[in-house]
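Coordinates in review
Each chain, written out:
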Amino acid sequence: GFYGLGTGWSFLMNTQTGAISFAGDPGQPGQALISNGTAGAPYWQEVGGGKPFVVRPSANSPDLGTSGRVDVPGMVANFTLTAPSRVVFQIKLSIFNRGCIACGERRTYIVLVQNIIGGTSDVSSTTVYTPNGEFADGTSGPIVVDLAPGTYSYKVLIEPGFYGTASVFARQQEGIMTWQIYPN
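These notes cover the structure that comes with them. Predicted model only: the values in this text are computed from it and were never measured. (Residues numbered from 1 in each chain as written. Predicted model: local features only at pLDDT ≥ 70, side-chain atom pairs only at ≥ 80, totals over all residues. Heavy atoms only, no water.)

Our next topic: the pattern of salt bridges. Enumeration according to the criterion identifies seven salt bridges in this entry. Between Arg86 and Asp146 there is a salt bridge; the shortest N-O distance is 2.8 Å. Remark: Asp146 occurs in strand β12 (residues 143–147) and Arg86 occurs in strand β8 (residues 85–97); sequence separation between them is 60 residues. Glu174 serves as the salt-bridge partner of Arg171, at 3.0 Å between the closest nitrogen and oxygen. A relative accessible area of 17% means that Arg171 is categorised as buried. Salt bridges sharing partners connect three or more residues here, namely Lys92, Asp137, Arg171 and Glu174. (Salt bridge = Lys/Arg side-chain N within 4 Å of Asp/Glu carboxyl O. Helix = DSSP H or I, 4+ residues; strand = E, 2+ residues; numbered from the N terminus. Buried < 20%, exposed > 50% of the residue type's maximum accessible area, 1.4 Å probe, protein only.)

Okay, structure coming up:
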């Protein structure tokens, strides 16, 4: 059943599930009922930023040679915005330099790209220096993107630096990408 809160209100709560509606509108998943103070009725609004979205690598990346880029499996952010919004990304990856006798430190880039029709567009990159035969963590600073309403897809790649010949890969453990959406 539903429970109404007095006369003059059209606020209802389902006593079985806890679902609420206001003026017959239950809102959409992820929306919050916002007070308009004494100026008028409350309204439903998307609430971004209150909850970070998180993905982790689903496997180690393929080995990265001295040229090209490789995807980090599972490090993909797909979302739809219904209002102009600011999106803030953070990325952390653990890079392993397999090393070789004559090899030294390896420079690798962690790159956030936007998937677009016909390819990708670079958004940001973070440099990771990995000693021969060791792991090193690379962590991006906040990556801030202002976007119009629409559907978006972003992914994480690794790319070799300009020197070093050792093979490297991004390992699954400890990798994470988060993003938060702040509607304007």
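And the narrative resumes.
Another aspect to go through is the pairing of strand β13 (residues 150–160). Counting buried positions over the 11 residues of β13 gives eight, a clear majority of the element. Direction of pairing for strand β9 (residues 106–116) relative to β13: antiparallel, over a ladder of seven bridges. Each residue of the ladder has a partner; that of Ile110, found in β13, is Ile158. (Pairing = 2+ DSSP bridges.)

Moving on: the nonpolar core. By size, the foremost hydrophobic cluster in this structure holds 29 residues, and its most contacted members are Phe79, Phe89, Leu93 and Met177. Sorting the residues of this core by element identifies β7 (70–81), β8, β9, β12, β13 and β14 (168–183) as the ones contributing at least two each. Residue contributions to this core peak at six residues, all from β7. With near-sequence residues (within four places) excluded, Leu93 lies in contact with Pro57, Val72, Met75, Ile110, Ala136, Asp137, Gly138, Val156, Ile158, Ala170 and Gly175. (Core = buried A, V, L, I, M, F, W, Y, C linked by side-chain atoms within 4.5 Å. Contact = heavy atoms within 4.5 Å.)

The subject of this paragraph is the sheet that holds β13. The four strands are arranged β7-β13-β9-β10 in an open sheet whose pairing can be described as antiparallel. A single partner strand is all that each edge strand has here, and the edge strands are β7 and β10 (119–130). The mean angle between the axes of side-by-side strands here comes to 20°, regardless of whether they run parallel or antiparallel. (Axes fitted to C-alpha atoms, helices over the stretch in contact; angles between N-to-C directions.)

Its identity as a non-glycine residue notwithstanding, Glu174 has a phi of 70°, on the positive side. Classification of Glu174 by relative accessible area gives partly exposed; the value is 40%.

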